[in-house]
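# Inside the fold
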Amino acid sequence: LQHLELAGAELADAGVTMPVPLLESSKSLRALNLRINSATLVGLPLLRLVGVIESPNRPLRALALAGNNLDSVATMQLLTAVASDPRFARLDLDG
C-alpha cells in the first residue's frame, strides 16, 4: 500500500489520527489523503501527525489536508515539520 485515500470520509479529529499506527509501522505508505474531513487538528491529533512527519523512519512523502478547519497554529506546526525534512515532497493545505 503506497497511497491511502480517506478524503471526504468525515473522520473529524479522532478519525484523522486513526491511520497513525499504520504510518508508524508501514515501510511503503508514501501518500495520505485526509482532505475534507472536518478536522481541526487541535491538541493531540496535531501532535500525532507532526510526530509521524518528523519521524526519521517513515516513508510518508505527501500529506493532503485541504478542506479541513485547520487554524494558523496547526498550519505552522505542520509547515515546520515538513520544512525540516527535505524528503517530504508535498503538504496540501489549500482551502
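Residues numbered from 1 in each chain as written. Predicted model: local features only at pLDDT ≥ 70, side-chain atom pairs only at ≥ 80, totals over all residues. Heavy atoms only, no water.

Of note, Asn37 is situated in the loop between strand S2 (31-33) and helix H3 (44-54). Given a relative accessible area of 0%, Asn37 falls into the buried group. Among the polar contacts made by the side chain of Asn37, one reaches the main-chain amide nitrogen of Leu11 at a distance of 2.9 Å. The contact partners of Asn37, leaving out residues within four places of it in the chain, are Leu6, Ala7, Gly8, Ala9, Glu10, Leu11, Ala12, Val16, Gly67 and Asn68. (Helix = DSSP H or I, 4+ residues; strand = E, 2+ residues; numbered from the N terminus. Buried < 20%, exposed > 50% of the residue type's maximum accessible area, 1.4 Å probe, protein only. Polar contact = N/O pair within 3.5 Å; in protein donor to acceptor, adjacent residues only side chain to side chain. Contact = heavy atoms within 4.5 Å.)

This next bit is on the pattern of salt bridges. In the structure shown here, the tally under the stated rule is three salt bridges. For Asp92, the salt bridge identified is with Arg35, shortest N-O distance 3.8 Å. Here Asp92, found in strand S4 (residues 90-92), pairs with Arg35, found in the loop between S2 and H3; they are 57 residues apart in sequence, far enough to count as distant. What makes Arg35 partly exposed here is its relative accessible area of 32%. Arg90 is paired through a salt bridge with Asp92; the nearest N and O atoms lie 3.9 Å apart. Taking relative accessible area as the criterion, Arg90 reaches 52% and is therefore assigned exposed. (Salt bridge = Lys/Arg side-chain N within 4 Å of Asp/Glu carboxyl O.)

Here we come to the sheet that holds strand S1 (residues 3-5). Spatial ordering of the open sheet is given by S1-S2-S3-S4, a layout of four strands whose pairing is parallel. Bordering the open sheet on either side are S1 and S4, each of which pairs with just one other strand. For this sheet, the mean inter-axis angle between neighbouring strands, taken without regard to orientation, is 5°. Examined bridge by bridge, strand S3 (residues 62-64) and S4 share three bridges and lie parallel to one another. Bridge pairing in S4 places Ala64 opposite Asp92. (Pairing = 2+ DSSP bridges. Axes fitted to C-alpha atoms, helices over the stretch in contact; angles between N-to-C directions.)

Relative to the elements of secondary structure, Leu11 occurs in the loop between S1 and helix H1 (12-16). When sequence neighbours within four positions are dropped, the list of residues in contact with Leu11 reads Leu6, Val16, Leu34 and Asn37.

Moving on, we get to the nonpolar core. Formed by 24 residues in total, the largest nonpolar core has its most connected members in Leu32, Leu41, Ile53, Leu63, Leu65, Leu78 and Phe88. For this core, the secondary structure elements donating two or more residues are helix H2 (20-25), H3 and helix H4 (72-83). Among the elements that take part in this core, H3 stands out by supplying five residues, more than any other. The contact partners of Ile53, leaving out residues within four places of it in the chain, are Arg58, Leu63, Leu78, Ala81, Val82, Asp85 and Phe88. (Core = buried A, V, L, I, M, F, W, Y, C linked by side-chain atoms within 4.5 Å.)

Read these as spatial facts, not as claims about activity.
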